[in-house]
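Fold and contact review
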Amino acid sequence: MTDIKSLPGSQGPLIYRQSIWTRITHWLWVICLFFLLLTGLQIFNAHPALYLGQESGFEYDNSILRIGAFNTDAGPRGRITLFGQTFDTTGVLGVSGPKERPVFTAFPGALTIPGYRDLATGRVVHFFFAWVFVGTMLVWFVASLVNGHLRRDVVPRPADLKALPSDIAAHARFRLKHGRSYGPLQKLSYFVVFFVLFPLIVLTGLTMSPGVNASAPWMLDLFGGRQTARTIHFIVMLLLVAFFVVHVLMVIAAGPINELRSMITGWYRASPGTPTGEGDKP
Amino acid sequence: MSKLITRRNFLRSSVVAGSGLVLAGCDQFNFLADQSNPIRQVVERANVLTYQAQRALIGEQTLAREYSASEIRQGQRPNGSTDPTTPEYQFLRAQDFVPYRFTVKGMVEREVSFSLDELRNMPARSQITRHDCVEGWSCIAKWTGTPLGPILDMARVKPGARYAVYHCFDNIQRTISGDILYYTSSDLVDAYHPQSILSYGLNDQPLPVANGAPVRLRIERALGYKQPKYLHTVELVDSLEGFGRGRGGYWEDTGYDWYGGI
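Looking now at the pattern of salt bridges. Scanning the model with the defined rule gives 21 salt bridges over all chains in all. Arg 65 of chain B is paired through a salt bridge with Asp 221 of chain A; the nearest N and O atoms lie 2.9 Å apart. Placement of the pair is Arg 65 of chain B in the loop between α2 (38-57) and α3 (87-94) and Asp 221 of chain A in helix α8 (residues 217-223), with the two residues belonging to separate chains. Two residues, Arg 226 of chain A and Asp 132 of chain B, come together in a salt bridge whose shortest N-O distance is 3.4 Å. Placement of the pair is Arg 226 of chain A in helix α9 (residues 226-254) and Asp 132 of chain B in strand β3 (residues 125-132), with the two residues belonging to separate chains. When sorted by exposure, Arg 226 of chain A lands in the same class as Asp 132 of chain B, which is buried. Each of Arg 55, Asp 187, Asp 190 and Arg 221 of chain B takes part in one network of salt bridges that share partners.

In structure tokens form, the structure reads like this:
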């Protein structure tokens, strides 16, 4: 079943796919999210539990997740308690590092900045990159609104939703089409990241600020309390990590050189059969 | 055939990319913990931006949320110093804080000081608020005390004063060269905020030692380390240099941001 796509020497047009704004904001976000994730886990390690509500229950239990270390006859064990179910996570969560000199942090030092307990530095770096992250969001939004990226590539149209089932089927069979614009699944996932996950993680982060709480108490009500906001912040982090993993896997599956080139130079080799347009190169 | 190769290449590349990620953390960013590092100093400027943005966007008198009595579901969780061991504090504690004096000094027209009974006889305010520890947890409790602002007015703060430094009895850290006593500071907006009270009552009881007896200042729009316990003196100054390491507080000296509103 050889079709034209797999014939050597045949290729589609080279198209200018990513504007300078898309490329700059993309790599700024890469840097921001890297530091935000690793300093965020540092901050989480200072109190490795998540709750629902306004406050943290010490004399009652409103926690949904706890990570901790416990000494047993067989040595220290790391444990995670999730919705009342406890799992042994020794070596990864709670207790990690060499057996003779174990480290008792929730997330291991390899996943935090700095690589040891330092809440103060974690916070300083987290808030620096939070500012850069939000600034990048604003630049991206304005530029993408003006240059049409938003309308063309991000906001799904009715036709995209109609084509969704066949696009899912194509992805399941690793048949990836490299067109001028994004496919339905791509559009939908970027839309969710830009218009659901990014705003959510910023707003839940701000809801943890006692200063912001004073001027915008509605945010406490919107998220169901400061501790719930903290929990949502953590969950959105997990979703962004999941997006990152799938995103990188898709880049690899779709041809990492071509994909990376488009996000560095803007130029992208489309699939054979893609209609050529003005400004394309052969 | 092409599909098979694609999938095999895909898996192989994925493993390579994945192992790169695992190595990503490590210790190469530990230099950011060094307060003298120029990059750290640039990164710390974001704290100034946060402070200025919050001061610009949040009204000076805007109140922190107050909760209803039914939302007090537990005692106030104590942490930091819970049992100061300086002789001075232990003497006052043994005397039921009768000899205690709360003092306002520094850049004021006249230094004033008050006993605990005098503070209790001043106009009182009770507020049920949420205490947010920098570690991440929160706890709701009822705080009763007298607002700091009118007391500062009695001392008549001089026009050049920019900060209030809060001096405390507790030896938060004991070193071979002596005790380090807790202190922190705020701008005058926080010092004069209507919810900034010298609290002597917690959940309708006298303030316990573990929570800062006899007096703890509440700055309700900031994190827990801006709520100094065992408070005895407020000093009005135009610069934070000369106190500790000059960053405006015990925790601030170790690298925590001075404003503490986020």
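Following the structure, the description resumes.
Attention now goes to the interface of chain A and chain B. Each partner contributes residues to the interface: chain A has 51 residues there, and chain B has 58 residues. Here chain A and chain B share an interface that buries about 4600 Å² over both sides, 63% of which is from carbon and sulfur atoms. Seen at the junction of chain A and chain B, the total is 3 salt bridges. One can count 23 residue pairs in polar contact (both at pLDDT 80 or more) joining chain A with chain B. Considering every element that reaches the side of chain A that touches chain B, the biggest residue donor is helix α2 (residues 119-147) of chain A, with 9 residues.

Residues spaced three or four apart along an α-helix face the same direction, because each turn holds 3.6 residues. Residue and element names in this part refer to chain A. When helix α5 (residues 164-172) is considered as a whole, its buried residues turn out to be Leu 164, Asp 167 and Ala 170. Down the axis of α5, the buried side of the element spans an arc of 120 degrees, and every buried residue falls inside it. α5 presents Pro 165 and Ala 172 as exposed residues on the side facing more than 90 degrees away from its buried surface.

In this section: the environment of Leu 138 of chain A. Tracing the sequence through the fold places Leu 138 of chain A in helix α2. On a C-alpha basis, the gap between Leu 138 of chain A and Thr 25 of chain A in space is 9.8 Å, while along the polypeptide they are 113 residues apart.

What counts and how
Residues numbered from 1 in each chain as written. Chains lettered and ligands numbered in written order. Predicted model: local features only at pLDDT ≥ 70, side-chain atom pairs only at ≥ 80, totals over all residues. Heavy atoms only, no water. Salt bridge = Lys/Arg side-chain N within 4 Å of Asp/Glu carboxyl O. Helix = DSSP H or I, 4+ residues; strand = E, 2+ residues; numbered from the N terminus. Buried < 20%, exposed > 50% of the residue type's maximum accessible area, 1.4 Å probe, protein only. Contact = heavy atoms within 4.5 Å. Buried area = accessible area lost by both parts, 1.4 Å probe. Polar contact = N/O pair within 3.5 Å; in protein donor to acceptor, adjacent residues only side chain to side chain. Arc of directions from axis to C-beta.

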